[in-house]
Amino acid sequence: MLSVNSYLILSAVLFSIGTVGVFIRRNAIVIFMCVELMLNAVNLSFVALSRYLGNLDGQVFVFLVMTVAAAEAAVGLALMIAFYKNRESIDVEDMNLLKW
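None of the values given here were measured: they were computed from a predicted structure.

**Focus on the overall build of the protein chain**
- If you tally the helices and strands in the protein chain, you get three helices and zero strands.
- Starting at the N terminus and ending at the C terminus, the protein chain contains elements arranged as α-α-α.
- On C-alpha atoms alone, the protein chain measures out to a radius of gyration of 17 Å, which is more than a quarter above the 13 Å that the 2.2 N^0.38 rule sets for 100 residues.
- Taken along its principal axes, the extent of the C-alpha atoms in the protein chain is 50 × 25 × 25 Å.

Below you can see the structure in the form of structure tokens.
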């Protein structure tokens, strides 16, 4: 059986990949996927620590995070569809609608 440290290291690596993807990429859909990767990395650490400590609070919190992630994905993709219909691009450099 793997130790909790290996799960936390994997979670840190996944979170780091997601963070780098958010800062480097310019495609909005890829950025949303990187944010989802970061949320799943946090979920992995919650489940690993919950299992290690023998407490179910972390696993219950994962359901809350998954609900928020599903809502974020639905709203984000709806915004991307609306933006694509107006600008015919989903590049974040083109998203200057709120600038004067």
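**Some remarks on the environment of Ala69**
- Relative to the helices and strands, Ala69 is located in helix H3 (residues 57-87).
- A residue is classified by how much of its surface remains accessible, and Ala69, at 9% relative accessible area, is buried.
- Sequence spacing of Ala69 and Met38 is 31 residues, and the spatial spacing of their C-alpha atoms is 10 Å.
- Setting aside anything within four residues of it in sequence, one finds Ala69 in contact with Glu36 and Leu39.

**Focus: the packing of helix H2 (residues 28-53) against H3**
- Following both chains from N to C, one finds H2 and H3 inclined at 175 degrees, their axes separated by 9 Å at the closest point. When the axes of H2 and H3 are compared, the pair comes out roughly antiparallel. Facing Ala28, Phe32, Val35, Glu36, Leu39, Asn43, Phe46, Val47, Ser50 and Arg51 of H2, the residues of H3 in contact are Asp57, Gly58, Gln59, Phe61, Val62, Val65, Met66, Ala69, Glu72, Ala73, Gly76 and Met80.
- Within the contact of H2 with H3, the residues separate by chemical class into 13 nonpolar, five polar and four charged.

**Here's the deal with the confidence of the model for the protein chain**
- With 95% of its residues at a pLDDT of 70 or more, the protein chain has an overall mean of 88.
- By mean pLDDT, H3 is the weakest element of the protein chain at 88, and helix H1 (residues 4-24) is the strongest at 95.

**Observations regarding the environment of Ser50**
- In this structure, Ser50 sits in helix H2.
- Beyond its immediate sequence surroundings of up to four residues, Ser50 is in contact with Asn55, Leu56, Asp57, Gly58 and Gln59.

**A closer look at H2**
- For H2, built from 26 residues, the straight-helix expectation of 38 Å at 1.5 Å per residue is met to within 8% by its first-to-last C-alpha distance of 38 Å.
- Within H2, burial applies to Ala28, Ile31, Cys34, Met38, Ala41, Asn43, Ser45, Ala48 and Ser50.
- Tucked inside the fold, the buried residues of H2 contact H1 and H3.
- Among the residues of H2, the N-terminal cap falls to Asn27, whose side-chain oxygen and the backbone nitrogen of Ile29 are separated by 3.3 Å.
- Looking one or two residues beyond H2, the residue adopting positive phi is Gly54, at roughly 75 degrees.

**A look at the environment of Ala28**
- Mapping Ala28 onto the fold places it in helix H2.
- Accessibility expressed as a relative area gives 3% for Ala28, which makes it buried.
- Filtering out sequence-adjacent residues up to four positions away, Ala28 remains in contact with Met80, Ile90, Val92 and Met95.

Thresholds, definitions, all that
Residues numbered from 1 in each chain as written. Predicted model: local features only at pLDDT ≥ 70, side-chain atom pairs only at ≥ 80, totals over all residues. Heavy atoms only, no water. Helix = DSSP H or I, 4+ residues; strand = E, 2+ residues; numbered from the N terminus. Rg over C-alpha atoms; globule rule 2.2 N^0.38 Å. Buried < 20%, exposed > 50% of the residue type's maximum accessible area, 1.4 Å probe, protein only. Contact = heavy atoms within 4.5 Å. Axes fitted to C-alpha atoms, helices over the stretch in contact; angles between N-to-C directions. Parallel < 35°, antiparallel > 145°, perpendicular 65-115°, else oblique. Nonpolar A, V, L, I, M, F, W, Y, C, P; charged D, E, K, R; others polar. pLDDT = per-residue confidence, 0-100. Expected span 1.5 Å × (residues − 1). Polar contact = N/O pair within 3.5 Å; in protein donor to acceptor, adjacent residues only side chain to side chain.

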